[in-house]
Structures are given as C-alpha cells and as structure tokens.
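# Reading the structure
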Amino acid sequence: MSEVAVSFSLPDYPQGYRLQTPRLLLSALTEDDAQGLWPLVSDNRLTPFLAWEPHRSLEETAGLLVSLVEAQQAAKGFHWIVRQEKQIIGLVSLIEVCRKHRNWTLNRAELAYWIGVPYQGHGYATEAAAAIIAFGFKKLHLHKIRVYHATDNHASARTIEKLGFRYIGEEKEAFQKNRIWHNLRHFELLVSELPRIPIPTERPLK
Ligand SMILES: CC(C)(COP(=O)(O)OP(=O)(O)OC[C@H]1O[C@@H](n2cnc3c(N)ncnc32)[C@H](O)[C@@H]1OP(=O)(O)O)[C@@H](O)C(=O)NCCC(=O)NCCS
C-alpha cells in the first residue's frame, strides 16, 4: 500500500479551538480550569460508566488537567470546556487521535463527553458534541470519529443516536467497573457522513 501524504496545519492553541454554538461556548481546556471543573468532577453521580472515579481533591483535578493539556499540545487529544453563560457545565473531547499506523493513514479519533449532573437533560451534550465533530472533520482533518457507550448507559445511547452515528456492533464484557462487566456498543461516523449530524436546535431551559 502506498503512503498517503497528510499535510496540513492545526489551528493555533488555544485560541483557534474556540467554538460557539447557539447556547454554548466551547474553549480549549487550560490548566486554569481546575477550580471550575472541581464541583462537577467530584460528584459521585457522574461516573458510574466512566473510566475514572469522582475526584477527591482539587489537586487531583489540577494534576489531570496538566496531563490533558500536554496531550492537547502534542495533538494527541483535544478537550473543550463547555460553558453556558460563563458557567462551566462539562467537557467534550476528541481523544485517542491516531494519524498513522506504519504505512496506513488513519486520521481517526474517539469522541468522549460528560455534562455535569445539574446541567444534564437540556440537549447540551448533543449540541457540544456536534460542534466538535464538525471541527474534527473540517479543521483537524479527521477521516473517522468513533464513539462507544456502555450498554446500560441509556443517556449516552440516546446522545449518540441523536448525533447520527452508525452502529457497528456490541463488544461483550469490554470493561469491568465495581466488579460488574459491561458490554460496549461501538459506533462510527465518516467525514463523508457529516451531513448525518443534525443542526443543533434551541431548547428552552427546564
Ligand atoms: C451522557 C450525557 C453526556 C448526556 O448529557 P446531556 O446533556 O443530558 O445529553 P442531551 O440532553 O444532549 O441528550 C440526552 C438524551 O438522553 C435521554 N436520556 C437521559 N436519560 C435517559 C435514560 N435514563 N434513558 C433513556 N434516555 C435518557 C434524554 O432524554 C435525551 O434525549 P432526548 O433529547 O430525546 O430527550 C450525560 O448524561 C453524562 O454526562 N453522563 C455521565 C457521563 C457519561 O456517561 N458520559 C458518556 C460516556 S460514553
């Protein structure tokens, strides 16, 4: 297989990653965001299906941000703080960015997201994820975005459905959390399928 040359420049960090949606402002994660994230990431109700446990100290949040910002600056993962009228409400990310494997061109990433418990149920995850998916294809020149949800995570299942991802299949016992094995449902979206993403619509606050 002949190598496909991929040549493009990434937007300037962090300014070039600022995104505005009808109701939300998305800005590239910085090390200054720990204080704003702390009340949300320390909430026990957020993490039953996530790969991490609720944070127990502000230092833990600050330490995590240092590693995420480093990954972002190395273009390995991109993270956006989601704000609704200046209030930090969540985080949406394109992680596991993989451009090549040996002689294969891949240009793929994985979508990840969470919205703080007090702000769930208003369509924010769908609105924010739609914006970074479009950015990932158009500005980061991704070819494919993957997403997964634990079978019992019904809110995430519905979010993925609303975003228009194509279902691939179900992986059995993909991870164990709290001594329970969870299946993972796999989805993907190609750049050529971008029109599948619905335009985010305004939804009044409850
Ligand atoms: C998944 C998550 C990001 C959704 O955030 P959100 O801002 O509430 O999402 P949206 O409002 O855009 O969409 C959620 C949809 O799921 C639906 N939903 C919520 N809870 C549900 C449940 N228990 N069963 C079925 N549907 C549910 C909502 O009604 C909504 O669908 P609708 O617009 O058709 O009414 C949020 O619940 C979350 O952060 N969960 C914890 C972290 C997590 O699981 N992240 C995903 C890992 S794969």
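Above this text you will find the structure in question.
Residues numbered from 1 in each chain as written. Predicted model: local features only at pLDDT ≥ 70, side-chain atom pairs only at ≥ 80, totals over all residues.

Moving on: the site of the ligand. Around the ligand there are 20 residues in total, and Gln120, Ala125, Thr126, His154 and Arg158 lie nearest to it. It is helix H4 (residues 154-163) that provides the largest number of residues to the shell around the ligand, a total of 5 residues. Counted by class, the shell around the ligand contains 9 nonpolar, 10 polar and 1 charged residues. (Near = placed C-beta within 6 Å. Helix = DSSP H or I, 4+ residues; strand = E, 2+ residues; numbered from the N terminus. Nonpolar A, V, L, I, M, F, W, Y, C, P; charged D, E, K, R; others polar.)

On to the packing of helix H3 (residues 124-138) against H4, then. One way to put it is that H3 packs onto H4 with a least axis distance of 10 Å and a crossing angle of 50 degrees. Considering their axes alone, H3 and H4 lie oblique with respect to each other. Here H3 runs over H4; the crossing is right-handed. Here Ala125, Thr126, Ala129, Ala130 and Ile133 of H3 come into contact with H4, specifically with Thr159, Lys162 and Leu163. Its residues assigned to classes, the contact of H3 with H4 comprises 5 nonpolar, 2 polar and 1 charged. (Axes fitted to C-alpha atoms, helices over the stretch in contact; angles between N-to-C directions. Parallel < 35°, antiparallel > 145°, perpendicular 65-115°, else oblique. Left-handed = near helix turned anticlockwise from the far one by under 90°. Contact = placed C-beta atoms within 7 Å.)

Here the focus is the sheet that holds strand E5 (residues 104-115). Pairing is mixed across the open sheet formed by 8 strands, whose spatial order is E1-E2-E3-E4-E5-E6-E8-E7. Every interior strand has two partners, whereas the edge strands, strand E1 (19-20) and strand E7 (166-177), have only one. (Pairing = 2+ DSSP bridges.)

What follows concerns the environment of His143. Looking at the secondary structure, you find His143 in the loop between H3 and strand E6 (144-150). For His143 and Ala131, which are 12 residues apart along the polypeptide, the C-alpha to C-alpha distance reads 16 Å. If we ignore the near neighbours within four places in the chain, the residues touching His143 are Asn107, Arg108, Leu190 and Val191.

In this section: helix H2 (residues 58-73). Compared with an ideal rise of 1.5 Å per residue, which puts 16 residues at 22 Å, H2 spans 23 Å between its outermost C-alpha atoms and is within 8% of the ideal. If you check which residues of H2 are buried, you get Thr61, Leu65, Leu68, Val69 and Gln72. For H2, the buried positions fall inside an angular range of 100 degrees around the axis, keeping them on one side. Of the exposed residues in H2, the ones pointing more than 90 degrees away from its buried face are Glu59, Val66, Ser67 and Glu70. Looking at the packing, one finds that the buried side of H2 touches strand E2 (25-28), helix H1 (34-41) and strand E3 (78-84). (Expected span 1.5 Å × (residues − 1). Buried ≥ 20, exposed ≤ 12 C-beta atoms within 10 Å, placed from the backbone. Arc of directions from axis to C-beta.)

Glancing now at unusual backbone geometry. Here Tyr13 and Pro14 are connected by a cis peptide whose omega angle stands at -5 degrees. Looking at the element boundaries, Pro14 is found in the segment before E1. Of note, Arg102 is a non-glycine position whose phi angle comes to about 50 degrees, a positive value. Assignment of secondary structure puts Arg102 in the loop between strand E4 (87-101) and E5. Assessed through the 6 C-beta atoms surrounding it within 10 Å, Arg102 is described here as exposed.

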